[in-house]
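# A structural walkthrough
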Amino acid sequence: MRTLIFRTAAPYLTSLMLLFSVFVLLRGHNEPGGGFIGGLIAASAFAIYGIAFGVPEVRRSMYFHPMAISGFGLFLAALSGLLSYVFHVPFLTGIWTSPSLFGITVDLSTVMFFDIGVYLVVVGSITSIALALEEREDG
Amino acid sequence: MAVEPGKIVDVTAAMITAPVTATDWLVIAPVVIPILFGALLLMFRHEMRWHGIVALIGLGAMVGTEVALLLHVLANGPLSMTMGSWLPPFGISFTADALGATFALTSGIVAFICAIFAIRDINVSGRRYGFYPFLMLLMAGVSGAFLTGDIFNLYVWFEVFVISSFGLLILGSEKAQIDGATKYAILNLVATTLFLIATGYLYGTFGTLNMADIARKAEGLRGTAPLMTLASLYLLAFGMKAAAFPVNFWLPASYHTPRIVTAALFGGLLTKIGVYALLRTLVMLFPVERSVLADLIGWVAILTMVLGVMGALAQSDTRRIFGFLVISGVGVMLAGLALGTQTGLSGAILYAVHSMLVMTALYLLTGMMKELGGSFSLRELAGLYRSTPLLTAIALVLALAVAGLPPGSGLWPKVLLVKASLEANQWALAGAVLLSGFLTTIALGRVFILAFWRDREASAPKAQATNTASPILGYGVLLALMVPIVVLGVYPEPFIKIADIAASGLLHNAGYISAVFPVGGG
C-alpha cells in the first residue's frame, strides 16, 4: 500500500492515534478506557505506519524491540503490586499519593502504573505479532 | 479511590484493614518471582549469555520461598492472602494448604533442575526463541495454579502455563513439533473451554468463585443446585488435562517432539496440575458428588493405568514409551481419587510427588541416552552398559522407582494405594495398581535390556554421540534428581506424614475455609 495519499497521511494518523491512546489510557481510571484498549489503539497506529512505510522503518522508529516493551510492561505491572509490601497491605492494593506540582494536585497511584504496564504489554505483544505478519507478506 | 485529605472514610466493611506481615507474602512470592524474572529475561532477550544464570537465580528464589511456605503451612495450617485488600470472596484469594504447597515445591525443584540441564541442552537458537522467558512464565502459571484459592483464577493460571507451553513445544520450529503442538493446542483448548463453561455454570449457581466460599456453601445448595453436573463437567475437563483415558490421546501425540528438557518438564509437571485440580474440586468442593462418581472414576483409573502401560509396551521410541508411562501414572493417582479415603488420597498425593520427580528424570535420562548412544530408538540403541556404567546404574534405580520397587520412590505410594483399596474392598483397583506396576517393570526392563545390556553387533554402524559437550553436567543433574527419589524410597516417613496432612486438609476443609474467612463472616 505505497500510495501517495496513504503515505502522506500515515505519519499524521500514527501520531494522532498514539496521542489518543495515551489519552484513553489515562482516562481509564474512572471512565471508559484503560491500558488494554489504549494499547490496542497504539498497536494499530504502529501497524498503519508499517503498512505505509514497511516493517524495517517501524522497527527503526520504535527503537526498542516490541517484545522488550511488553517485557517491561509486565515488569512494571508486577513491581506496582510489590510496592504494597512496603506499606504492609496485600499484593496489588492500590496506594495513592497526591503531590502538588506547580499548584496542580496530581493523583498518582500504583493502579495507574499497573495500567501503564498493561498498556505496554498490549502494545508490545500486538505490535510484534502485527509486524511479524506484515514481514511475511513483504518477503 | 483517592481519598481527599482530611476526610476519613470507613472502609472496614469492604476492605482488609489488618496489616499484612512478611510471612503472608510467602503465598504470593512463588508466583510473583517467576513473573518478575520472566519479564526481565523478555526485556533483555538478546543478552543470551546471561539467560541461564538469571533464570537459575529466579527459580532458586522461587524454590526458597516455596520451602518456607511449606514449612509455614505444615506448622500453622493453611495460609491465605486476598489481593488488593478487598475482602474475600470479592478479592481474589491465594490460599496455600499442605497439598498446594507440596506440589508447588516439588514442581519448583523439578523446574530448577531442568533449568540447569537446559544450560547444555538448549542451544543459542533455542535461547533466541525465548526458552528461559517461557520457562519462567510456565513456572508462574504452575505455581499460581497450585496456590490460588479462586477457581476462575485457577483457569487464568491454566491459560498462563498452557500458552507458555505452546511456546516451549515449538521451540525450533520443526515440522514434527508444529504437528505435535497443533494437536496439543487444540485438545487443550477443548479442555480449557469445558473448564470455563463449568466455571461459568458454577458462578451462576453459587454466585461466588472463591473456593473456600464454594466449599462452605455447597452443603446448603446440595438439595436444589445441579452440583452433579458441575462435578461431572470438572471431571471431564480436568481429566482431559490430566490425560486420563479416554481423553489422553493428546499426550502421546505431542510429548516426543519437543526438546528433551521441555519434554521432561511437561512429563513431570503438566498432567499433575490436572490431577491437582481434580483433587481440589472433587474432594474439597464436591465430596458427595465424588462418591457418586467413584465407580466411574475407578474404571477410568483402571483403564488409564493398564492401557497406558500397554501403549508403552508397544512403542520403540524411548520418548513415546515414557509418554505412555506418564499416562499410566495418572491412572494410579486417579485410583486414589476414586477411593477418596484418607489413605487413598495420601497415596495419590505421594504418588504425584514421586511422579513429578521420576518422569522428569526419565526424560532427562533418555536425553543422555540419545547423546551417548546416538538414538532415541530401541532398535538402534545398544551396548550402553559397556560404554556408560554410571548411566546404567541411574537407569536401573530409576526403572525400579517407576515400577514401584525398592529402593525407588514408587514403592510407598503404591503400598498406600493398595492398602486403601483393600480396606475399601476395591479388589479391581488394587489388582490394577499391581498389574500396571508389573507391566511397567516389563516395559522398562525391555528398555534396559535392549539399550543397556544388549551387546552392540560388530557389523552395526556405531551411532555417533550427538553432543560433543562433556556429559558431566548431565550426570550431575540426573544424580541430583536421584537424591530425592531414593530418599523418598528408603526414608518415607516424613513424606508420608506430609501427604497425610495434605489429604486430611482436603477431606476436612474447615482449616482451609477459616484461613480465608477468619471469623466465619464475609
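Residues numbered from 1 in each chain as written. Chains lettered and ligands numbered in written order. Predicted model: local features only at pLDDT ≥ 70, side-chain atom pairs only at ≥ 80, totals over all residues. Heavy atoms only, no water.

On a plain count of helices and strands, chain B comes out with 21 helices and two strands. A compact globule built from 522 residues should have a C-alpha radius of gyration of about 24 Å, and chain B, at 23 Å, falls within 12% of that. Across the 522 residues in chain B, those meeting the buried criterion constitute 62%. Restricting the contact set of chain B to residue pairs at least 6 apart, pairs at least 24 apart contribute 81%. Of note, chain B has its 28 positive side-chain charges centred 9 Å away from the centre of its 23 negative side-chain charges. (Helix = DSSP H or I, 4+ residues; strand = E, 2+ residues; numbered from the N terminus. Rg over C-alpha atoms; globule rule 2.2 N^0.38 Å. Buried < 20%, exposed > 50% of the residue type's maximum accessible area, 1.4 Å probe, protein only. Contact = heavy atoms within 4.5 Å. Lys, Arg positive; Asp, Glu negative; His and termini not counted. Charge placed at Lys NZ, Arg CZ, Asp CG, Glu CD.)

In this section: the overall build of chain A. Across its full length, chain A carries five helices and four strands. Each helix and strand of chain A, placed in order from N terminus to C terminus, yields the pattern α-α-α-α-β-β-β-β-α. For chain A, the spread of C-alpha atoms along the three principal axes comes to 55 × 30 × 25 Å. Across the 139 residues in chain A, those meeting the buried criterion constitute 40%. In chain A, the share of contacts with a sequence separation of at least 24, taken over all contacts with a separation of at least 6, comes to 64%. Accessible surface, chain A as shown: approximately 8,000 Å² in total, 73% of it carbon and sulfur. (Areas by Shrake-Rupley, 256 points an atom, 1.4 Å probe, with all protein chains shown as cover.)

Bringing helix 2 (residues 48-76) of chain B into the picture now. Compared with an ideal rise of 1.5 Å per residue, which puts 29 residues at 42 Å, helix 2 of chain B spans 42 Å between its outermost C-alpha atoms and is within 8% of the ideal. Just downstream of helix 2 of chain B, G77(B) is the residue with a positive phi angle, here 85 degrees. (Expected span 1.5 Å × (residues − 1).)

In this section: the interface of chain B and chain A. Each partner contributes residues to the interface: chain B has 22 residues there, and chain A has 24 residues. A per-residue breakdown of the area chain B buries against chain A is headed by W25(B), L36(B) and M43(B), which together make up 29% of the total. Between the two partners, chain B and chain A, sit zero salt bridges. Summed over the shared surface of chain B and chain A, the result is four residue pairs in polar contact (both at pLDDT 80 or more). Counting only elements with at least two residues in the side of chain B that touches chain A, the list comes to helix 1 (29-43) and strand 1 (79-82) of chain B. Among the residues forming the side of chain B that touches chain A, the class breakdown is 17 nonpolar, four polar and one charged. (Buried area = accessible area lost by both parts, 1.4 Å probe. Salt bridge = Lys/Arg side-chain N within 4 Å of Asp/Glu carboxyl O. Polar contact = N/O pair within 3.5 Å; in protein donor to acceptor, adjacent residues only side chain to side chain. Nonpolar A, V, L, I, M, F, W, Y, C, P; charged D, E, K, R; others polar.)

Time to look at the packing of helix 16 (residues 389-403) of chain B against helix 18 (residues 427-453) of chain B. Residues and elements named next belong to chain B. Running from amino to carboxyl end, helix 16 crosses helix 18 at an angle of 165 degrees, the nearest separation of the two axes being 8 Å. Regarding the angle of helix 16 to helix 18, the classification is roughly antiparallel. Between helix 16 and helix 18 lies a crossing whose hand is right-handed. Facing helix 16, whose interface residues are L391, T392, A395, L396, A399, V402 and A403, helix 18 presents G437, T440, T441, L444, F448 and F452. (Axes fitted to C-alpha atoms, helices over the stretch in contact; angles between N-to-C directions. Parallel < 35°, antiparallel > 145°, perpendicular 65-115°, else oblique. Left-handed = near helix turned anticlockwise from the far one by under 90°.)

Moving on, we get to the nonpolar core. Residue and element names in this part refer to chain B. Among the nonpolar cores identified, the biggest contains 198 residues, and I151 and L325 are the most heavily contacted of them. If you tally residues by element for this core, the top one is helix 11 (residues 260-285), at 18 residues. If we skip the residues at most four places from it in the chain, L325 touches V309, A312, M359, L362, V402, T440 and L444. (Core = buried A, V, L, I, M, F, W, Y, C linked by side-chain atoms within 4.5 Å.)

Turning to the pattern of salt bridges, a few remarks are in order. All names here are of chain B. Inspection of the entire model under this criterion finds twelve salt bridges over all chains. In this structure, E371 engages R120 in a salt bridge whose closest nitrogen and oxygen atoms are separated by 3.0 Å. One end of the pair, E371, is in helix 14 (residues 342-373); the other, R120, is in helix 3 (residues 98-121), and 251 residues separate them in sequence. Residue K183 pairs with D179 through a salt bridge whose shortest N-O separation is 3.1 Å. With a gap of four residues between them, K183 and D179 both fall in helix 7 (residues 175-206), about one helical turn apart. Exposure remark for K183: the relative accessible area of 37% places this residue in the partly exposed category. By relative accessible area, which is 40% here, D179 ends up partly exposed. Among the charged side chains, a network of salt bridges with common partners joins D213, R216 and K217.

Okay, the environment of A401(B) next. All names here are of chain B. Following the sequence through the fold, A401 ends up in helix 16. On a C-alpha basis, the gap between A401 and G489 in space is 7.8 Å, while along the polypeptide they are 88 residues apart. Other than its neighbours up to four places away in sequence, A401 contacts H354, V358, G408, S409, G410 and I485.

Attention shifts here to the UniProt feature "domain: Na+/H+ antiporter MnhB subunit-related protein" (unreviewed entry) in chain A. This chain's UniProt record puts "domain: Na+/H+ antiporter MnhB subunit-related protein" (unreviewed entry) on residues 5-127 of chain A. Taken end to end, residues 5-127 of chain A is 69% helix and 7% strand, and its first and last C-alpha atoms sit 24 Å apart. (UniProt positions renumbered as here; feature names shortened; annotations may be inferred.)

This paragraph deals with the packing of helix 1 of chain B against helix 5 (residues 131-147) of chain B. All names here are of chain B. Contact pair helix 1 / helix 5: the axes reach a minimum separation of 8 Å and the direction vectors enclose 165 degrees. As judged from the angle between their axes, helix 1 and helix 5 are roughly antiparallel. Along this stretch, helix 1 crosses helix 5, giving a crossing that reads as left-handed. Touching P30, V31, P34, I35, F37, G38, L41 and L42 of helix 1 are Y132, P133, M136, L137, M139, A140, S143, G144 and L147, all from helix 5. Looking at the contact of helix 1 with helix 5, its residues break down into 14 nonpolar, three polar and no charged.

The side chains of a regular strand alternate between both faces of the sheet. Residue and element names in this part refer to chain B. Burial along strand 2 (residues 93-96) is two-sided: the face carrying S93 and T95 and the face carrying F94 and A96 are both buried. In this structure, strand 1 lies alongside strand 2, joined through four bridges in antiparallel fashion. Each residue of the ladder has a partner; that of S80, found in strand 2, is T95. (Pairing = 2+ DSSP bridges.)

Residues and elements named next belong to chain A. Mapped onto this structure's residue numbering, the UniProt feature "transmembrane region" (unreviewed entry) falls at residues 12-29, 35-55, 67-91 and 111-133. End C-alpha to end C-alpha, residues 35-55 measures 25 Å, and it is 95% helix and 0% strand. Segment residues 67-91 splits into 64% helix and 0% strand. End C-alpha atoms: 26 Å apart.

Moving on, we get to the packing of aromatic side chains. Here the distance between the centres and the angle between the planes together describe a pair of aromatic rings. All names here are of chain B. Per the counting criterion, the structure on display carries 28 aromatic pairs over all chains. Plain terms: the ring middles of F146 and Y276 are 5.1 Å apart, the flat faces sit at 85 degrees to each other, and that makes the pair edge-to-face. A residue pair is termed long-range when its members are at least 10 positions apart, and F146 in helix 5 and Y276 in helix 11 qualify at 130 residues. The two residues F146 and Y276 agree in class, both being buried. Summarising the aromatic geometry, the rings of Y234 and F238 are spaced 5.5 Å apart at their centres and angled 10 degrees between planes, so their arrangement reads as stacked. Remark: F238 and Y234 occur in helix 9 (residues 227-241); sequence separation between them is four residues, near one turn of the helix. What makes Y234 buried here is its relative accessible area of 0%. The ring of F376 has R319 sitting right over it, with the charged end atom 3.7 Å from the ring centre. (Phe/Tyr/Trp six-rings, centres within 6.5 Å; stacked < 30°, edge-to-face > 60°. Lys NZ or Arg CZ within 6 Å of the ring centre and 35° of its normal.)

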